[in-house]
Amino acid sequence: MRRIKAIIMAAALAATTGAVTAQDIEDPTRAPYYDSFKDKTVAFLPVSMGIDLTEGWAAGIKSALEPLGVTIEIRDPNFNTAAGAQALTSLISEKPDVIVVHNPDVQSYARLLRRAEEAGIYVVQVNMRSAYSTDAFVGADYVGMGRQIGQRLVDLCSPDNGKSGKVAVTQGVLTAAASIYQMKGINEVLNDHPEIQLVSNQAADWDATKAKNIAATVIQQHPDLCAITGFWDVMDVGTAAAIKESGQDVYLLTQGGGNQATCDAIAAGSFDESVVYNVPGQARDIANIIKQLLQLKPEPGAMKTTLFTQLEFITADNMDSGTCWKLPGQ
Amino acid sequence: MALTDTLTRWRYRLVPDHLVGEVLSKRWIDNAIPLLILLAVVCAFSFAMPDFFGPSSISDLTRQWGEFSLLVLALMIVMVAGGIDLSIGSTFALGNIVALALIAVAGWPMWAVVLGTLACGAAVGLVNGLLVGYLRLRAFLTTLVTLIIVRAVVDMLLLNYSVAIASTFIDSDSWYYPGEGSVFGVPFSVVLTIILAIIIHLVFSRSRIGWQVLATGGSRRSAHNVGIPVRRVVCATYVVSGVLAALSGLLFASRLGGAGADTGVGLEIMALTAAVLGGNSLGGGRGSAAKAIIGSITAMIMVNGLIRMGVPAGANSLMLGLVLFTAVAIDVRWIKNLHKVVSKVYVSPAYASLPKPPGTDSYSPYAVNDKLAPVTLIGLGEIDGPEDIILDDDDNIYTGNRTGDVIRFFAPDYKQHEVYAHVGGRPLGLAFDKNGDLLVCIGGMGLYRVTKDREIEKLTDETNRSWLSVIDDSRLRLADDLDVALDGRVFFSEATVRYEMHEWPVDGLESRGNGRIICYDPSSKSTHTVLRNLKFPNGICMAHDGQSFFFAETWACTVSRYWFDGPKKGTVETVIPDLPGYPDNINRASDGTFWLALVGIRTPSLDLALKMPGFRRRMARRIAPDEWLYPNINTGCIVRFDATGTILDVMWDRGGENHPMITSMREHKGYLYIGGILNNRIGKLKLKSADKSWTGLASYWGQS
Amino acid sequence: MGLLGQPTQEKIVLALALVLCLGFALLLPGFWTASNLLNLVRSVSILGILGVAMALVVIGRGIDLSLVATMAVAVAWSLQLAESGMPMAQALAFGLGFCLLIGLLNGFLIAYVEIPAIFATLAMGTAVYGFGRYFLFSLDIVYMPPDAHALTWVGQGTLFGVPAPIYMFALVSALAFLFLRYTRQGRYLRSVGDNLLAARITGVPTRPIILMQYMISSVIGFLAGCVTAASVASMNVRISNSTLIYDVILVVVLGGIGLSGGKGGIRNAIVGTLLIGVLLNGMTIMDIQYTVQNVIKGIILLTAIVIDTLLNPRDEQTAQQGDI
């Protein structure tokens, strides 16, 4: 349906463009701009659809590129790396113009991404980096993010401020790139601050129920716990529930794509703070990189661009109605 | 009337009804439904995506299939032995990470990496095998726990090595070969998998250990009781499964070179789905390499196709679930109903029109009399089913017994008897060859020889397979009667290729030419079929010209003569076209004529039914076998005829007291000895005008 | 041993749990406190409720692999409906209806089409998840509407200092126990599990009983889903693809309910749940890394099964064919 709609829109656009150019003064970049997107295909291969990040990126890319006549194809491996590799392999033989890929880990797609570039396809990586650098990377700087979070924990919980200095970390899956890099950043900071004590560092497998059980036990063991930082807001809903049930004053610092649900939770007091890599902004970055690649037409793999996303630390104080974003149907 | 008859005759001659039942009773028909599902999936996807089976796509697809199929084979081996191995997904991941760590971090040479990886898989398999095989833990639970443990070990390895693996570039062509290389354009993993599948197939179908695995899965208790080392067998299946899973992981590592956290997660369920789609059953006993391959292709195409079509994940799962339902439901119903269907459609009557039978009233040559009344009885109640009888030079009687023995009654009074030889099957036709060794047709076993030293030797139990026959007709199912030519060749009849020994009356219901005559040549020890499509060929007796023999076709009610040598070689002539009953054995008489046993007398109702195949088919399908209309075998007689087919003499037992049925008779020194397959006695009748010194042996082989 | 009688798997697992408890109580400060013990039971109460559902099915010689998927999708749908303005009670009624329908379908496929339970429910789990993702909601995570206080209590409330999920667990266990013990259908269910053919011959309506068994498990699953959703204020449909269902089976079988059916009772599921709870709680207190926890958990589970097999060896002659 959407594709049909896109085609109709593109056709309408093309028609109006034609009509307009006949009358007005020509903008010399205009025709080449639209020409460079004609009949182009962009394939999006996320880790899985159905989560706010990937839905947000998909929506952003679509709204930016579909009006230009670009076909967007989405392959959904549903959190299955092997299926993702299969999808990527078949995409390489189908030869879209650009592949936007969301890596499940640093390695699994590395060799396939190189093959894709060799086959003449531009590859843009989103948010999770592969060991192999491609034309562009758009996403959070996780090591830097870890450092910032670590520093934030120090600021919040330092005994100098009268706090206990006890903090806990709830990771997602231990082996995910986001987890590894962030932990590296957090550890770098905490190593410089021996007064901050990491009392629990557990993985909850991105599962809210597990996160809740871990948090409940940790709080119960350390009633003076100062802060918990979790690696995904969806999972930290469980952590928040555990904190609420315990009745203790534990600061919950979470992170995520900044979906409206996050702001709602901050407003409701479930989360105290969230580190947000703005998903619509990332989507715009992706779309811009794609536009650039399609216009400049460099040799695939020749240009290695990195666009780190600006991070925002949202709290109830600095939040307003426009801070978070919503999906079209939300 | 005549027209409908002709139509019916052509209808049943042209349409091979019997093939349906024969096809359905083949072992490979078990694979039909999985194969159909596979074809349906292939058609659906090539329709939905015309380039899905294009060359480049196929190449990618097959490479992944090779890895996946190894896992399905691994699971199949365990399932066939009655277990289940849920840990294969984790073992796959372990193989992947171990191979990567060994090559990238430890820097081992390729051969050592392969060995090390396989050893890891074997170790996991061995743990499973020791626990499930030797300690008798429950397979499902045990492998569920090893799944969790191995997965955790993989995660720990990942934490330690994933960064090192990611940052190392592996500079080794041999490392990339398994994942990216090809053999004559076919991906290496596919070649490897096919070779392994063939090996597994051969092991399961042709080796002792393979049969032991199948037996263990079929019934562990029985396997244990017949002395199969069940525990070792079960343990071995898990070790093999672990090795195969690790090998699959190695291929995956070589192809993608990535160690992800979710590598192999849920693969056990995919593999289980594939195994079941292929028709391997949980709980053991039913499974093969072919089934595993079919199932893995189906599952692979389905999952890949749905991803490639860009179906949203939800619709993808929904369709996968629905297909699994449908496939398993069809398979379950198929297995459940197959034998019912076979038992209904296997009996496929043909059209047969017998000539009008001659009467048995006083004008007829077959007029009923009481000539068998003065018979004396031998071994009454001591013997069960003497189908054929033969006497040696010392006048001892040899006959077959239902218990699988050749019995010898001692001359002269035949009060004493002994088991001459225990042959293990039902002895039917008997004959002495030139050396005085006893040749025996044994139902269900074939042609055997009992030497004078009572040694039992198999002469033949198979003949040449006819190419167009659906049923495997190379095995001898029902060797019936035999005779020996002067040059030592043995001609014997096989009554039917469609039924086992105990179902022989059912063959009469069909009245199709299911039987054949087979020649065994002792000089070359070869066997070949001489005449086929005979209606229950039964008695065989050499004519005196040394170039031909007479044979009886029971359901055709004829006696014919076949020339195997001489100017008329290869021709068949009907000698008696219209017997009033069903002929059985033929033997020589002292005056150069021949004795013929009629095992039963035709009835008008069955004669009519033979012209109505549809009626008989409905009967076979709708009512219990006990109620079927069978050929009458309650009353019989002995007929003497000459080489031209003229009936010379007929002997009846009108009351049916001494010989309720007659299947054979043998003349010896002025007496006629009479046997019957359902009798518990042998009859002895003094012949008035016979040559008192004539013996069958002398007639065949001269004075010895 | 005389006092304890024949050492069954249930007793072994219970003993193991007690030994672990004792060990943790002596070695870990803060383990043997009322609040921690309550927390321990609360953390496994959802697993326990699901375990009771699975136990009923397994006693009837079945298995319900679609349990988690059904619960996740049904509850997520209810939340979605509630969020779009439907009164909570009505939304929950729809969810419950959905569960009953799935249970009915499962039972029909197993009892009438005679698909082996493991495949029918496996396929059903996949299909239900797909159906939910495709038709009912687009995001994997559905949040609870903030105004659903009554429901929230089920997951987060306390009564006399005891968390509500524990009451739910106790209630479900008690009802299931009474059902199995005192109702005709409960006894039928056990006889069907013990020997289906014998039950059919003696006049037990085996097929309706199988239908009922899957419907009950779905409904209990829905209850567990409500507790889950209430306790974390959201429902993540992705748990249908997680290994939670394995944990549920583990709890049941570990407690001593044979997969071949007819054996064991609700008590066994509770014992299995407690062992897992003690293990998880102790290891979290010790801050053992998650992957190492899994190894330890696995090895202790394996130990329990091995001890059981050593004490009650299964013989080639008595083992049931096809009992995997």
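Residues numbered from 1 in each chain as written. Chains lettered and ligands numbered in written order. Predicted model: local features only at pLDDT ≥ 70, side-chain atom pairs only at ≥ 80, totals over all residues. Heavy atoms only, no water.

Colleague: Honestly, the overall build of chain B in this entry has me stumped. Any pointers?
Modeller: Along its length, chain B carries 19 helices and 26 strands. For 704 residues, the compact-globule estimate of 2.2 N^0.38 gives 27 Å, and the C-alpha radius of gyration of chain B, at 33 Å, exceeds that figure by more than 25%. Its C-alpha atoms give chain B principal-axis dimensions of about 110 × 60 × 45 Å. Each of the 704 residues in chain B was classed as buried or not, and the buried ones make up 61%. (Helix = DSSP H or I, 4+ residues; strand = E, 2+ residues; numbered from the N terminus. Rg over C-alpha atoms; globule rule 2.2 N^0.38 Å. Buried < 20%, exposed > 50% of the residue type's maximum accessible area, 1.4 Å probe, protein only.)

Colleague: I'm lost on the state of the cysteines in this one. Help?
Modeller: Structurally, a disulfide amounts to a covalent bond that connects the sulfur atoms of two cysteines. Residues and elements named next belong to chain A. Taken as a whole, this structure holds 2 disulfides over all chains when the rule is applied. Bridging cysteine 157 to cysteine 226, the disulfide has an S-S length of 1.9 Å. Sign of the S-S torsion, about -85 degrees for the bond between cysteine 157 and cysteine 226, identifies this disulfide as left-handed. Taken together, the residues cysteine 157 in helix H6 (residues 142–157) and cysteine 226 in the loop between helix H8 (208–221) and strand E8 (227–230) connect sequence positions 69 residues apart. For cysteine 226, a relative accessible area of 7% puts it in the buried group. One disulfide bridge connects cysteine 263 with cysteine 324, the sulfur atoms lying 1.7 Å from each other. (Disulfide = S-S within 2.5 Å.)

Colleague: Please clarify how the UniProt feature "domain: Strictosidine synthase conserved region" (unreviewed entry) in chain B should be interpreted in this entry.
Modeller: Feature annotation in UniProt places "domain: Strictosidine synthase conserved region" (unreviewed entry) on residues 480–566 of chain B, given in this structure's numbering. Within residues 480–566 of chain B, the helical portion is 8% and the strand portion 51%, while the C-alpha atoms at the span's ends are 26 Å from each other. (UniProt positions renumbered as here; feature names shortened; annotations may be inferred.)

Colleague: For this particular structure, what's the right way to read the sheet that holds strand E11 (residues 456–460) of chain B?
Modeller: Sheets are built from strands paired through backbone hydrogen bonds, the pairs being either parallel or antiparallel. All names here are of chain B. A sheet is described by the order of its strands in space; here 4 strands give the open sequence E8-E9-E10-E11, paired in antiparallel fashion. Edge strands, defined here as strands with exactly one partner in the open sheet, are strand E8 (426–432) and E11. Put simply, the sheet's adjacent strands are angled 30 degrees from each other on average, direction ignored. Both strand E10 (residues 446–450) and E11 contribute to a ladder of 4 bridges, which runs antiparallel. In the strand pairing of E11, leucine 447 is matched with threonine 460. (Pairing = 2+ DSSP bridges. Axes fitted to C-alpha atoms, helices over the stretch in contact; angles between N-to-C directions.)

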